[in-house]
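Understanding the architecture of this molecule
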Amino acid sequence: MAGAVFASCTVWPVGALAAPADADDLPTITVVSKKKKRAQTPQVRLPVQAAPAAPARPSTDSASSSAAVANGSGAAEVGSGARPPSGMASEMQVSGEKLNQRPATRPGEVLEGVPGLIVTQHSGEGKANQYFLRGYNLDHGTDMAIYVDGVPANMRTHGHGQGYSDLNWLMPETINSLDIRKGPYFADEGDFASVGNLHIGLIDLTERNTASVTLGSFGYRRLFGMGSSKVGDGTLLVAGEGGTYNGPWDNPDDVRKLNTLARYTQGTATDGLSITGMAYANKWNSTDQVPTRAFDTDVLSRWGAIDPSDGGNTNRFALSSRIAGTDGIGAWKANAYVVKSSLDLYNDFTYYLSDPVLGDQFHQHDGRLMLGGAASRSFVGSVGGLPTETVVGVQTRYDDIDLALTNTYRRNFVSAVRSDKVRESSVSIYAENTVHWTSWLRTTLGWRGDYYDATVNSLFNANNSGRANEAIGSPKFRAVIGPFHQTEFFVGAGMGMHSNDARGATTTESPTDSSTRLDPSPFLVRTKGAEVGVRTKIVPGLTSTVSLFMLNQASEILFSGDAGDTEASRASRRYGVEFTNDYRLFSWLAFDADLAVTHARFVGYDGDQAALYASLAGYPEAQMGNAPGNFIPNAPAVVASVGMDLGEKAGWFGGLRWRYLGSVPLTNDNTWRSLPVSVVNGRIGYRTAEGWRIQLDALNLFNAKTNQISYGYGSLLKTDALYALCQSGSPPPTAVCQNGVMDAVVHPAEPLAVRLTIAGSF
């Protein structure tokens, strides 16, 4: 199809496929420019605007032709290019203004504007968040790609976990938009994007310079400032924050964070450029997850830590640029970035299981230089009288990584596990062709090719060194039917992939026992997905979407950053439904409600787990929860949220938000399950038309005694009877002492906390 477009095509003017001004099938995106004041209607969560089949004259008020955007309006940012029409029911956009209406405990929680997504934390406020979406425990970012201003947040071959995505350097006030896609149906989305792909856009300017101070419970302190001014033909935006936080823990977090941003923009979204620089540093202590038996036997208080020396420090420095342009045959855009980052983590998740004397604390180091960029070209034309658009693109990335895993005691070196130098690069190409067959049907056919190459230099064991490379191709398909009575239907299917840790692809021996042989893991892992959905606005003021999805993931062997070796994972299947609603009842009152239900299971029989279960016979404290089964630990079955926002641009405002994560299995046999998580946050405040604001946030408003996250695995405390038995002259079988006592291991949710913010404009 793409070849036919290039062979014979009729060229339409740029923007010819934009929606006409009188289109009423989907909400209109509000545009903010320097010469135009922002509309007074509060922002709502928007699906991306769809394109009709017939060409129309471009609108001079379209988002694609707007100048620099301010204060989270959601309009396309300078140099980002025109936003494509919505291709799936689950594809939508949330404005930065809407995201900032949400009371949030930590910066990463703004991503909960994604329907069905839960963001939490299990180990200190400087570590990357834990994410849950579509039946996946995404750990710190595996299978959910996150980009900020075109720069990937996910880290490949990371010292702590594959796809590690730290967003603690993100200042919510600088967010302009959150573009949401789910599933492997988009050719321009690659690594980590099979479950979700999120693109965060930054504001270009502020309508007023602002400053705020926030004081809150448990030692929360934050200063924030942001302002912009004309520089030459463009705009310079500067923002910064400094903050501290202790939390409710017996061992205070003692977070110390500094964060800055400088951004220069010139032109418009489709004909302009931006240059952005960021710098961030953070240090913290952490209270890691604790087995519930420690609480039940009063070994620890609910806020206690087994190892008070756990914690970490990190920094990140980034420079990026985006540029876009249009011409007589279509449009083009490109971006480039360089990121220098470092992370040192000290954690202890099993306590005295491996080292009964000094404990099991370990240190993970990741230091890297990441370089990359992307470019794409679109061609608007026709084939046989049918309007078409073809997009071709290339993406590349290179990571130069230093990694280390060591055993420590109170952050002091004890012994080395492994140390590696990794050079990993990738090149990806893609193409998509969209055909508007009729006024109510358009299809998009795409293909993506990914090539990865990595060299691993294992400093302590040359047998774990080597080179790995692999290529994979992924077809994509989408179809949009409608609109009929302000209702559209969507179909999507495709293949995707995610990369594994490059060390897993070259590791052949256990780093702790060279006599133990390990199977190298595949470098690239296949995913397959399909989805059907509907989106309607038939009820005035209400936008509703329903999506039915399935996602299969190939059998794989994963690299464990905590252990430094590989572990097997079976193939999995997931299917579910998402129901999303946004309802603006009045200009001052809006509601949203989301529900996601997913069925997730492993495929096949786990013979290794059955053998382990048999080896633990006679010791129920170790055996319970280790039976073979097909439940996927931490796979969420039910996620729900309900929110209410009220208030005009000036005067009183407020909101309430409830988030719910249903009980999840913690072990394959479903013996251990988590408690459901149900938390309500609230906000009330007053603001003036001149930009002054005072607001009070109440987090965990009803003081729910629940957990941020739960796991199920074996560990040993010195108070466990099994600990004493394993140290005796007649210990149990080795497998029992290596497994420890099975338990639910949890990180409690913070109790009721309040935060008062006073902000002014000048």
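Every chain is numbered independently, its residues counted from 1 as its sequence is written. For a predicted model such as this one, the threshold for reporting local features is a pLDDT of at least 70, and the threshold for listing and counting side-chain atom pairs is 80 or more; totals across whole chains, interfaces and linings nevertheless cover every residue. Note that the side-chain values use all heavy atoms of the structure and ignore hydrogens as well as water.

1. A closer look at the overall build of the chain
- Within the chain one finds eight helices and 37 strands.
- Taking all 762 residues of the chain together, 59% fall into the buried category.
- By definition, residues are in contact when any of their heavy atoms lie within 4.5 Å. Sequence separation of 24 or more characterises 70% of the internal contacts of the chain that already satisfy a separation of 6 or more.
- Using a 1.4 Å probe, accessible areas were evaluated by the Shrake-Rupley method; residue-level cover was limited to the displayed protein chains. About 28,300 Å² of surface is accessible on the chain, with carbon and sulfur atoms providing 61% of the total. Secondary structure elements are defined from DSSP: runs of H or I of at least 4 residues count as helices, runs of E of at least 2 residues count as strands, and each element is numbered from the N terminus. Accessibility here uses a 1.4 Å probe with only protein chains present; expressed as a share of the type maximum, an area under 20% marks a residue as buried, one over 50% as exposed, and anything in between as partly exposed.

2. A few points about the pattern of salt bridges
- Counted as salt bridges are all cases of a side-chain nitrogen of Lys or Arg within 4 Å of a carboxyl oxygen of Asp or Glu. Under the defined criterion, the tally for this structure stands at 42 salt bridges.
- Across the pair aspartate 179 and arginine 83 runs a salt bridge, and its minimum N-O distance is 3.3 Å. Highlighted residues: aspartate 179 in strand S7 (residues 175-182) and arginine 83 in the loop between helix H1 (2-7) and strand S1 (92-95), separated in sequence by 96 residues.
- Assessed through its relative accessible area of 18%, aspartate 179 is described here as buried.
- With relative accessibility at 21%, the residue arginine 83 sits in the partly exposed group.
- The shortest N-O distance in the salt bridge between arginine 181 and glutamate 189 comes to 3.0 Å.
- For arginine 181, a relative accessible area of 11% gives the class buried.
- In the salt-bridge network here, residues are joined through shared partners; they are Glu91, Arg181, Asp188 and Glu189.

3. Considerations on the pairing of strand S36 (residues 741-748)
- By the criterion of burial, S36 is predominantly enclosed, with eight of the eight residues buried.
- Residues of S36 alternate between two faces, with Val741, Asp743, Val745 and His747 on one and Met742, Ala744, Val746 and Pro748 on the opposite face, all of them buried.
- Strand pairing is defined by DSSP finding a minimum of two bridges between the two strands. Across two bridges, strand S14 (residues 290-291) lies against S36 in antiparallel orientation. Along S36, the bridge assignment pairs valine 290 with valine 746.
- Where strand S35 (residues 707-715) meets S36, eight bridges bridge the pair, whose relative direction is antiparallel. By the bridge assignment, glycine 712 is partnered in S36 with alanine 744.

4. Re the sheet that holds strand S4 (residues 136-137)
- On the basis of which strands lie adjacent, the open sheet formed by three strands has the order S2-S3-S4 and antiparallel pairing. A strand with exactly one partner marks an edge of an open sheet, and here the two such strands are strand S2 (118-120) and S4.
- One ladder, built from two bridges, connects strand S3 (residues 130-133) with S4; its direction is antiparallel. The residue of S4 that forms the bridge with leucine 133 is tyrosine 136.

5. Remarks on the sheet that holds S36
- Strand order in the open sheet formed by three strands is S14-S36-S35, with antiparallel pairing between adjacent strands. Since the sheet does not close on itself, it has two edges, and those belong to S14 and S35, each with one partner.

6. What about the environment of leucine 459?
- For leucine 459, the location among the structural elements is in the loop between strand S20 (441-458) and strand S21 (466-481).
- With 41 residues separating them in the primary sequence, leucine 459 and arginine 418 have C-alpha atoms 7.3 Å apart.

7. Concerning the environment of leucine 167
- Within the secondary structure layout, leucine 167 lies in the loop between strand S6 (151-152) and S7.
- When the C-alpha positions of leucine 167 and leucine 111 are compared, they lie 9.9 Å apart, and in sequence the two are 56 residues distant.
- Sequence-distant contacts of leucine 167, defined by excluding residues within four places in its chain, comprise Pro107, Leu111, Tyr131, Ile146, Val148 and Ala153.

8. Topic: the side chain of histidine 747
- Turning to its location among the elements, histidine 747 is positioned in strand S36.
- Residue class for histidine 747 comes out buried when judged on its relative accessible area of 3%.
- Polar contact criterion, stated in full: a pair of N or O atoms within 3.5 Å, where within protein one must be able to donate a hydrogen and the other to accept it, and residues adjacent in sequence count only if both atoms are side-chain atoms. Only 3.1 Å separates the side chain of histidine 747 from the backbone oxygen of threonine 287, close enough to count as a polar contact.
- What histidine 747 contacts, discounting residues up to four positions off in sequence, is Gln121, His122, Ser123, Trp249, Thr287, Asp288, Gln289, Asn707, Gln708 and Ile709.

9. Thoughts on the packing of aromatic side chains
- Pairing of aromatic rings covers Phe, Tyr and Trp, the last counted by its six-membered ring, and requires centre-to-centre distances within 6.5 Å; plane angles under 30 degrees mean stacked, over 60 mean edge-to-face, and any other angle means tilted. Summed over all chains, the structure comprises ten aromatic pairs.
- Between phenylalanine 586 and tryptophan 588 the ring centres are 5.3 Å apart and the planes differ by 10°, which places this aromatic pair in the stacked class.
- When its relative accessible area of 42% is taken as the criterion, phenylalanine 586 is described as partly exposed.
- With a relative accessible area of 40%, tryptophan 588 lands in the partly exposed category.
- When the NZ atom of lysine or the CZ atom of arginine is within 6 Å of a ring's centre and also within 35 degrees of its normal, the charge is said to sit over that ring. Seen from the ring of tryptophan 303, arginine 302 lies directly overhead, with NZ or CZ sitting 5.6 Å from the centre.

10. Considering the side chain of glutamate 125
- With respect to the helices and strands, glutamate 125 occurs in the loop between S2 and S3.
- Side chain to side chain, glutamate 125 and arginine 106 meet in a polar contact 2.8 Å long.
- With residues up to four places along the chain from it excluded, the contact list for glutamate 125 reads Arg106, Asn168, Tyr245, Asp253, Val255, Asn282, Trp284 and Glu750.

11. Some points on the nonpolar core
- Throughout, nonpolar core names a set of buried Ala, Val, Leu, Ile, Met, Phe, Trp, Tyr and Cys residues whose side chains join them through atoms within 4.5 Å. Among the nonpolar cores identified, the biggest contains 50 residues, and Leu111, Leu117, Tyr131, Ile146, Leu178 and Leu198 are the most heavily contacted of them.
- In terms of residues, this core owes the most to one element, strand S16 (residues 330-347), which gives four residues.
- Core analysis: the next-biggest nonpolar cluster, separate from the first, contains 19 residues, Ala294, Phe295, Tyr723 and Cys726 among them.

12. Some words on the state of the cysteines
- Disulfides are defined as pairs of cysteine sulfur atoms found within 2.5 Å of each other. Considering all chains together, one arrives at one disulfide under this definition.
- Between the sulfur atoms of cysteine 726 and its disulfide partner cysteine 737 the distance amounts to 2.1 Å. An S-S torsion of about -100° defines the bridge between cysteine 726 and cysteine 737 as left-handed. Of this pair, cysteine 726 sits in helix H7 (residues 721-726) while cysteine 737 sits in helix H8 (residues 734-739), placing them eleven residues apart in sequence.

13. Description of the environment of asparagine 168
- Summarising the element assignment, asparagine 168 is placed in the loop between S6 and S7.
- A relative accessible area of 2% places asparagine 168 in the buried class.
- Sequence separation between asparagine 168 and asparagine 282 is 114 residues; the distance between their C-alpha atoms is 8.7 Å.
- Not counting the four nearest positions on each side in its chain, asparagine 168 is found in contact with Pro107, Glu125, Gly126, Lys127, Ala128, Glu241, Lys257, Asn259 and Tyr280.

14. A look at the pairing of strand S37 (residues 753-761)
- For strand S9 (residues 210-216) and S37, the ladder comprises seven bridges, and the chain directions are antiparallel. Residue pairing in the sheet places valine 213 in a bridge with isoleucine 758 of S37.
- Strand direction decides the pairing type here: strand S34 (residues 693-699) and S37, joined by seven bridges, are antiparallel. Pairing of leucine 696 across the sheet is with leucine 756, part of S37.

15. Brief notes about unusual backbone geometry
- In the segment running from glycine 482 into proline 483, the intervening peptide bond is cis, with an omega of 15°.
- By the element assignment, proline 483 lies in the loop between S21 and strand S22 (487-499).
- Notably, aspartate 143 is not glycine yet its phi reads approximately 70°, a positive angle.
- Position of aspartate 143 among the secondary structure elements: in the loop between S4 and strand S5 (144-148).
- For arginine 411, which is not glycine, the phi torsion reads 70° and is therefore positive.
- Within the element layout of this structure, arginine 411 appears in the loop between strand S18 (386-409) and strand S19 (412-438).

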